[in-house]
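So the chains spell out like this:
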Amino acid sequence: MKTKASNEVTLEFPSHSSNEAFARSAAACFVSQMDPTLNELEDIKTSVSEAVTNVIVHAYPDSIGKIVMKLRVYPGNMLELTVKDQGRGIADVDQARVPMFTTGGEERSGMGFTIMESFMDQLSVRSVPGRGTTVTMKKKLMPRIKSTK
Amino acid sequence: MEIQAKSADRNLLLEFCGELDHHGARGALREVELAIDAALPRMLVMDFAGVTFMDSSGIALILRAQQRMQLLDGSLQVRNVPGQARRVLDAAGIGRLVNIK
């Protein structure tokens, strides 16, 4: 049986590059309820930025499309972050995840998935060419020792 | 993303201020190329002290600057990289390719 999320939020926004900053700030606001460390918060913001940038650059290269970002909190301080698009999809997901591989030209480094893998605990990518891509990341935040004073 | 350029004796210092994501890096890449072409430096220093956020777009910017400096037979140093940006560079192993102080 699937565990029920204790809290969740869904945000939908167009793939304007100016929304990269909005997406990571909104994610940071939602995650603040989990009492993250500064490093954990930065890891999540960076991963959101990478996932949303991938959609802007690769899913909708010549148009503005819809991005759906979902954040869910599960018991045990587990965060699940999903970034979904209905863009052109990825023909070869394994190749896309290879460090330094990019089809994005000189503005891109090909390190987006590597950063997401490094900063989050789990990363999965589901894609259907012509239909879109869903990137799901999970990260367990460390429990903080609460002061008893 | 704001970039301040200071040039003297074919040394070029570029000071970056703000968020270096895909949105900010597109304009930054052009500015860096223009500054290098104008100064034709032997040594380029990219100072990241004012960078408040960086994702892999910053890696692309650094690698392009490195390529440009190699064409000029010059060198590149990246310095004063704040913690979050440093962890992005470390995760990508960029320290093996670029001189980071």
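Structure's up top.
Caption draft 1: Broad picture of helix H3 (residues 83–91) of chain B. Three or more residues of H3(B) are buried, namely Ala85(B), Val88(B), Leu89(B) and Ala91(B). The buried residues of H3(B) occupy one face: seen down the axis, they fall within an arc of 165°. Where the residues of H3(B) are buried, they touch helix H2 (38–59) and helix H4 (112–119) of chain A together with strand S3 (43–54), helix H2 (56–71) and strand S5 (99–100) of chain B.

Caption draft 2: Summary view of the pairing of S3(B). Residue and element names in this part refer to chain B. For strand S2 (residues 11–20) and S3, the ladder comprises nine bridges, and the chain directions are parallel. Residue pairing across strands places Leu12 opposite Leu44, the latter belonging to S3. Running through helix H1 (residues 22–39), the crossover from S2 to the neighbouring parallel element S3 is right-handed. Direction of pairing for S3 relative to strand S4 (residues 75–79): parallel, over a ladder of five bridges. Along S4, the bridge assignment pairs Met46 with Val78. Regarding topology, H2 serves as the crossover connection from S3 to the parallel S4, and that connection is right-handed.

Caption draft 3: Structural view of H1(B). When the terminal C-alpha atoms of H1(B) are compared, their 26 Å separation across 18 residues agrees well with the 26 Å that a helix rising 1.5 Å per residue should span. Residues His22(B), Gly24(B), Ala25(B), Ala28(B), Val32(B), Ala35(B) and Ile36(B) constitute the buried set of H1(B). Where H1(B) is buried, its residues contact helix H1 (19–31) and H2 of chain A together with strand S1 (2–8), S2, S3 and H2 of chain B. Note on H1(B): the residue one or two positions beyond its end, Leu40(B), has a positive phi of about 40°.

Reading guide: rules and limits
- Note that residues are indexed from 1 along each chain, following the sequence as it is written.
- Think of it this way: whatever chain is written first is A, whatever ligand is written first is 1, and the rest follow in order.
- Owing to the predicted nature of the model, reporting of local features is limited to residues with pLDDT of at least 70; listing and counting of side-chain atom pairs is limited to 80 or more, with chain, interface and lining totals taken over all residues.
- Burial in this document is a count-based property: other C-beta atoms within 10 Å of a residue's C-beta are tallied, and the residue is buried at 20 or more, exposed at 12 or fewer, or partly exposed in between, with C-beta positions derived from the backbone.
- Think of it this way: any DSSP run of H or I at least four residues long counts as a helix, any run of E at least two long counts as a strand, and we number them from the N terminus.
- Relevant arc is that of directions from the helix axis to the C-beta atoms, nothing else.
- The contact criterion used here is simple: two residues whose C-beta atoms, placed from the backbone, lie within 7 Å are in contact.
- Strand pairing follows a simple DSSP-based rule, namely that at least 2 bridges must link the two strands.
- The handedness of a crossover follows from its direction of travel: if, with the strands pointing away from the viewer, the path from the first strand over the helix to the second runs clockwise, the crossover is right-handed.
- Working rule for helices: expected span equals 1.5 Å times residues minus one.

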